[in-house]
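A look at the structure
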Amino acid sequence: MTDRTPDADDPIEAGDRHRDGAPDSDINPTVVHAPEVAEVAVAAPVATTDDRVVEQEDVWGSAFRRIMGGNLVMSVLAVLASLVVGGILIAATDERVQETSGYFFARPGDMLTAVWEAVFGAYSALFQGSILNVARADAGFAQLIKPLTDTLNFATPLIAAGLGVAIAFRVGLFNIGGRGQMLWAAAAAGWVGFSFELPPVLHLLVAIAVGILAGAIWGGIAGALKAFTGAHEVIVTIMLNFVALWFITWMLRTPGLLQAPGGNNPISPRMLDTAVLPPIFGPPFVLHWGFVLSIAAVVFAWWLIERSSLGFQFRAVGLNPNAALNAGMDVKRITVLAMLFAGGFMGLAGAQQVTGAVTTGFTAGIDAGIGFDAITVALLGGSTPWGTLAAGLLFGAFKAGGFRMQAAEGVPIDIVLVVQSFIVLFIAAPPLVRAMFGLPQPGRKSRRQRRDEAALAALEAKGAGAKGAAAQDAGTERKGTGA
């Protein structure tokens, strides 16, 4: 027992009730008072927001970022940036621009005018040589749209070959063996075309089918080496290109194989008329039915990748081969099949070359660099069938308009190759394109998101400060009451 006087705030003990008296006794019980100051946690103030407006702004903002960061926009911006670089090179190589640059500070208008005339004239000639020949509009509708048909004609093998690269890309393979696959396809289709006499339609179909089969076999060899030996497909396809090139060169120089009889030049005999792709519109157009075959190949590739079960396995292996293997897929079999299909599309391009483009006899240069251009087409098209179609049309326009640009404006045809090379560069470096055009980087928060997060942090800091101040005031008042 202590002699301290009990305080009103002291807790009630069990003996206090009997010491002060029972409720029915005459002794007044001790009155227990509640604390005068209660310590209650104060919640941080929450800023009121309009959820509907915030949600709408987030949806539009995220949609804009998805669109601007998509493959289509990146491809378009890569082409625009390449055209700008090409314009700079056109101006730098123009004689009039070089002449006026000597007195630029005296009369800058002369140089600027020369730059405009050089660039505008070159790209105007590129347009008229690939889309519409406005300069010859008075010669009739046929002459007006003839450049467009030339573009489609140049794009025909590019589309088919681009599909051969795009299919391999979707499975995680890099098919650089387009040249070898096209050479074997051209040799096989050409051999059928000049060695056998068959009915017109049947002869053409057999020649193209044999060409597709030859390209598929050559691509399948690379796929089998990749699947069963682990050999890298890039090295294998590059080496197979040289094997095909020199083997077919030897056959073109050997009488009785592919060499035209009665000559010593490494060139094949002329294709029979029954094995030649007929023109779609007739003279003066050169567009043949191979373009229709390329469109059919695009539709088939789209169905194969997007709608068939085999295409699903292609995509699964391309995304994660280990996960596909754990899911029960035969990754080796899929790898071989993918390269078979890739070689088949390349084979279609090679067969189109000998049955439509070069029917008077082919040489070892029948591929015309299409096997390597197909890599650019597939990259620009995002490794999708319809994107490959659009990219093939674009590069066909470059090829068709480049010759007119060289003839009309004196611009070197190599400028077109430089533009194509820069397209590959920009496609391979999306951060560079985003930095050039000020686009948001993937995963980077927008300015509004950063501002909202800063405002929320300020509110939280303000609420924490108010809570701390209230607790301090409560403690001070409690001490004063206790005194």
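Being a predicted model, the structure only gives us computed values, none of them experimental.

What follows deals with the confidence of the model for the chain. With 77% of its residues at a pLDDT of 70 or more, the chain has an overall mean of 81. Below pLDDT 50 for its whole length, residues 49-57 participates in 1 contact with residues either more than four positions away or in separate chains.

Looking now at the packing of helix α5 (residues 108-130) against helix α15 (residues 385-409). Where α5 meets α15, the closest approach of the two axes is 7 Å, and the angle between their N-to-C directions is 130 degrees. One finds that α5 runs oblique with respect to α15. Here α5 and α15 pass one another in a crossing that is right-handed. Contacts from G121, A122, A125, L126, Q128, G129 and S130 of α5 reach α15 at A397, F398, A400, G401, G402, R404, M405, A408 and E409. Residue composition of the contact of α5 with α15, by class: 8 nonpolar, 6 polar and 2 charged.

Moving on to helix α6 (residues 141-170). Here α6 is 30 residues long and its end C-alpha atoms lie 42 Å apart, about the 44 Å a rise of 1.5 Å per residue gives. Along its length, α6 shows its largest kink, about 35 degrees, at A155, and proline P157 lies within four residues downstream of that point. The element α6 is largely enclosed, with a buried count of 21 among its 30 residues. G172 sits one or two positions beyond α6 and adopts a positive phi of about 80 degrees.

The next point concerns the pattern of salt bridges. Taken as a whole and judged by the stated rule, the model has 7 salt bridges. When the shortest N-O distance is used, the salt bridge between D150 and K146 registers 3.3 Å. Separated by 4 residues within a single helix, D150 and K146 lie in helix α6, roughly one turn from each other. Since its relative accessible area comes to 17%, D150 is described here as buried. With its nearest N and O atoms 3.6 Å apart, the salt bridge here joins R179 to D367. With R179 in helix α7 (residues 178-195) and D367 in the loop between α13 (331-357) and α14 (370-380), this pair connects stretches of sequence that are 188 residues apart. By relative accessible area, D367 is classed as buried at 3%.

Reading the values: rules and limits
Residues numbered from 1 in each chain as written. Predicted model: local features only at pLDDT ≥ 70, side-chain atom pairs only at ≥ 80, totals over all residues. Heavy atoms only, no water. pLDDT = per-residue confidence, 0-100. Contact = heavy atoms within 4.5 Å. Axes fitted to C-alpha atoms, helices over the stretch in contact; angles between N-to-C directions. Helix = DSSP H or I, 4+ residues; strand = E, 2+ residues; numbered from the N terminus. Parallel < 35°, antiparallel > 145°, perpendicular 65-115°, else oblique. Left-handed = near helix turned anticlockwise from the far one by under 90°. Nonpolar A, V, L, I, M, F, W, Y, C, P; charged D, E, K, R; others polar. Expected span 1.5 Å × (residues − 1). Bend = angle between axes of the 7 residues up to and from the residue. Buried < 20%, exposed > 50% of the residue type's maximum accessible area, 1.4 Å probe, protein only. Salt bridge = Lys/Arg side-chain N within 4 Å of Asp/Glu carboxyl O.

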